[in-house]
Structure formats: C-alpha cells, structure tokens
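Structural features, examined
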Amino acid sequence: MSEVLVETDGKVGIVTLNRPQSLNALSIAVMDAVSEALGGFDRDPEIRCMVLAGLPKSFAAGADISEMKNIDGAEGAEKMLSRNLSNWDKIGSLKKPLIAAVSGFALGGGCELAMACDMIVASETAVFGQPEVLIGVMPGAGGTQRLTKAVGKAVSMEMNLTGRRLGAREALERGLVNRMVPVENYLSEAIKLAKLIAEQPPLAVQAAKAAVNAAVDRGLKDGLAAERRAFYGLFDTQDQKEGMKAFAEKRKAVWTGK
Ligand code: CAA
C-alpha cells in the first residue's frame, strides 16, 4: 500500500497521507510525494481545489524523527533537511486552494503542514501542537511564523516554548481551524468545502487566495496594493463579464476559467 494516496473527486484533487505505523511521520520520501502530487493538481486544468488529508488517528505526528536523530551540526542539518523543508514552501505557494482535513495528531511538521494549507477542517479529536522543544529543537517549517499569525503571540509562545497542544475546540475558538466536525465526517466535510470552492470562478478564486495571503505575508500597504492589482486584473477575464451579466439576467453563471 502506498504511503501517499492520490485520487480525484470531480474537480477536487485529494492527497492522503497513509503511513499509519508511524502516525504519518513525514519522511523525506512522503513529503516529496505529497509536494509532487499537489503540484500536479495545481497544474491540472481539470482540478479547481485540493484536499490534503491524514488518517483518522493522525494527520501527521511531525517530521520523521528517525531520519533526523543522527544529524550532527547545523551544516549537516541544512544539507539533509533543506530540500525536504522546501516542500512546505512549495505547498504554501500553490496557486489553487488547498484544504487540510485533520483528525488526531497534527504535531510539529504535521501542524506546520496543516497551516501551510489555506483552510483546515478538523475532527473533534484533532490536536495541534509544536512539540519540537520537547525533543531539543524548534519548528523548522513555519511553526513559529504561521502559528503566531493564526493564534497570536501569547498562545504561540506557550505552544512553541512548552509544547502545549490545542484541542480542536480551542483551535476553532482561536481561529486556527475553519470548522470542527465529528471524526467520521472530517474528510467528507473537507471535500464538500473543496467542491463549493471548485464551483466558483477559478481565476477569481486564485486571485483572492493570493490577495488573502498577501495580507498575512506582507504589511497592510503592500497587501492592499496586491489586492488592488489582482482586482483590476480580473476585469480582463470572461468570467467577470459572465458573472456580472448572469447576475443582471438573474441566472446562474457558467464559469469557463478564461
Ligand atoms: N517520527 C518518527 N516516528 C514517529 C513519530 C515521528 N515524528 N511520531 C510517532 N512515531 C512513531 C513512534 O516511534 C512509534 O513507532 P514504533 O511503534 O515503531 O515504536 C509509532 O509512531 C507510534 O507512536 P507512539 O508509540 O509514540 O504513540 P503514542 O500514541 O504513545 O504517542 C505521539 C503519539 C504523542 C504523537 C508521539 O508519538 C510523539 O510524541 N511523536 C513525536 C511528535 C513530535 O515530536 N513531532 C515533532 C517532530 S520534529 C519536526 O516536526 C520538525 C519540523 O519542524 C519540521
């Protein structure tokens, strides 16, 4: 059985982590496969939205500690890990929306992977944490940055400095996740949300995603300028004309992605 499962459901591309024996520890091979599969969906004109799912017991329990434990020195760490960590960057740079379907453990690199997605659908059993400090290191794939932006400095400090975990309810209350559902529904709910996004005009969706990310990744002034440019740019598209015409004609718009 493959460690990364890749399938489609209509216009939704689904990638599932499937390494139950190690609670979905993110080995270099697994992350290469995830990044490649998502990159393929991002380039596939038939796909409009993506879901990255874990297993009910564990989304991912972090980077694979067995691959890291013998690394000696900063130089060795960079040599061995930089290409792997660049997979998180690649996933954070996908143009199409990506929804994480999280149940069980989302720890260390697993939490960072969920946060590199655009939205998170969590099961009631989901737990989020950056426990790297407990094994003598710190997050290396966005855990100090994305977590702080999502939940604020106070909680991020506590999680990063003590390994404190957030349960699904607290993650929902603090805005880390979009919704919390019973464990049997976390994947179907993520796919439902992805299908809703897949029905929308794709160019507008991608432009809005990039503009929201600009709000998170840059200062307000730069973010507003990026939003303005993307907004004007959409008036070059047929979908803008169709969308506004359909509204005036009181009918459902037909999106062509042009
Ligand atoms: N890497 C490699 N193997 C892992 C793993 C990981 N991150 N997490 C769990 N496993 C393995 C265990 O070694 C164990 O394997 P064996 O059965 O062969 O012994 C198996 O998965 C089941 O794990 P446990 O027996 O520990 O299960 P548990 O239910 O008692 O505990 C847990 C679950 C709390 C998630 C615990 O496994 C744990 O703390 N895991 C490590 C979490 C962690 O520290 N993650 C951060 C990694 S560093 C990182 O991610 C760096 C970064 O920023 C990119």
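Residues numbered from 1 in each chain as written. Predicted model: local features only at pLDDT ≥ 70, side-chain atom pairs only at ≥ 80, totals over all residues. Heavy atoms only, no water.

This part takes up the overall build of the protein. Along the backbone of the protein there are 11 helices and 10 strands. Each principal axis of the C-alpha distribution contributes one length, and for the protein these read about 65 × 45 × 35 Å. Split into buried and exposed, the 258 residues of the protein put 45% on the buried side. Restricting the contact set of the protein to residue pairs at least 6 apart, pairs at least 24 apart contribute 66%. Accessible surface, the protein as shown: approximately 13,500 Å² in total, 57% of it carbon and sulfur. Counting 32 positive and 31 negative side-chain charges, the protein places the averaged centre of each group 5 Å from the other. (Helix = DSSP H or I, 4+ residues; strand = E, 2+ residues; numbered from the N terminus. Buried < 20%, exposed > 50% of the residue type's maximum accessible area, 1.4 Å probe, protein only. Contact = heavy atoms within 4.5 Å. Areas by Shrake-Rupley, 256 points an atom, 1.4 Å probe, with all protein chains shown as cover. Lys, Arg positive; Asp, Glu negative; His and termini not counted. Charge placed at Lys NZ, Arg CZ, Asp CG, Glu CD.)

For helix 4 (residues 109-116), a buried count of 8 out of 8 residues is recorded, marking the element as mostly surrounded by other parts of the structure. For helix 4, the set of buried residues is Gly109, Gly110, Cys111, Glu112, Leu113, Ala114, Met115 and Ala116.

Once that is clear, we can look at empty space enclosed by the protein. With the rule as written, the count across this model stands at 1 cavity of 30 Å³ or more. Empty space within the largest cavity amounts to approximately 30 Å³. What lines the largest cavity is simply Leu26, Ile28, Ala63, Asp64, Glu67, Met68, Met80, Leu81 and Asn84. Listing elements by their share of the lining of the largest cavity, those giving two or more residues are helix 2 (65-68) and helix 3 (74-92). No other element matches the 3 residues that helix 3 contributes to the lining of the largest cavity. The class makeup of the residues in the lining of the largest cavity is 6 nonpolar, 1 polar and 2 charged. (1 Å grid on protein atoms, 1.4 Å probe; cavity = no way out; pocket = protein on both sides within 12 Å on 5 of 7 lines; lining within 4 Å. Points joined across faces, edges and corners; volume = space filled by probe spheres on them. Nonpolar A, V, L, I, M, F, W, Y, C, P; charged D, E, K, R; others polar.)

Attention shifts here to the site of the ligand. Surrounding the ligand, one finds 22 residues, the nearest of these being Ala63, Ile65, Gly109, Glu112 and Gly140. One of the backbone nitrogen or oxygen atoms of Ala61 is found 3.0 Å away from a nitrogen atom of the ligand. Take Ala63: an N or O atom from its main chain is 2.9 Å from an oxygen atom of the ligand. In the complex, the protein chains occlude 60% of the 990 Å² of accessible area that the ligand would expose alone. Those elements that place two or more of their residues in the shell around the ligand are helix 2, strand 6 (105-107) and helix 4. In terms of residue class, the shell around the ligand is built from 12 nonpolar, 6 polar and 4 charged. (Near = heavy atom within 4 Å. Polar contact = N/O pair within 3.5 Å; in protein donor to acceptor, adjacent residues only side chain to side chain.)

Packing of helix 1 (residues 28-43) against helix 3 brings their axes to within 9 Å, and their N-to-C directions diverge by 30°. As the angle between them shows, helix 1 and helix 3 are arranged roughly parallel. As helix 1 runs across helix 3, the sense of the crossing is left-handed. On helix 3, the residues touching Ile28, Met31, Asp32, Val34, Ser35 and Leu38 of helix 1 are Met80, Arg83, Asn84, Asn87, Trp88, Lys90 and Ile91. Per-class residue counts for the contact of helix 1 with helix 3 are 7 nonpolar, 3 polar and 3 charged. (Axes fitted to C-alpha atoms, helices over the stretch in contact; angles between N-to-C directions. Parallel < 35°, antiparallel > 145°, perpendicular 65-115°, else oblique. Left-handed = near helix turned anticlockwise from the far one by under 90°.)

A water-sized probe, rolled over the atoms, reveals where empty space remains. Estimates place the volume of the largest pocket at around 930 Å³. Lining of the largest pocket is provided by 32 residues; of these, Cys117, Asp118, Val212, Asn213 and Val216 occupy positions nearest its centre. For the lining of the largest pocket, the secondary structure elements donating two or more residues are helix 3, helix 4, strand 7 (119-123), helix 5 (146-151) and helix 9 (202-217). When residues in the lining of the largest pocket are grouped by element, the largest group, 9 residues, is from helix 9. The volume enclosed by the second largest pocket comes to roughly 610 Å³. Elements with a contribution of two residues or more to the lining of the second largest pocket: helix 2, helix 3 and helix 4. Top element by residues in the lining of the second largest pocket is helix 3. It accounts for 7 residues. Here the lining of the second largest pocket is built from residues that sort into 17 nonpolar, 6 polar and 4 charged.

Note on soluble globular proteins: their nonpolar side chains tend to be buried together. Counting 43 residues, the largest nonpolar core has Leu52, Phe59 and Phe128 as its most contacted members. Residues within four places of Leu52 in sequence aside, it is in contact with Val15, Leu17, Val34, Leu38, Phe59, Leu98, Ile99, Ala100, Ala101, Leu113 and Cys117. Residues Val12, Ile14, Val121 and Ile197 belong to the second largest nonpolar core, which totals 17 residues. (Core = buried A, V, L, I, M, F, W, Y, C linked by side-chain atoms within 4.5 Å.)

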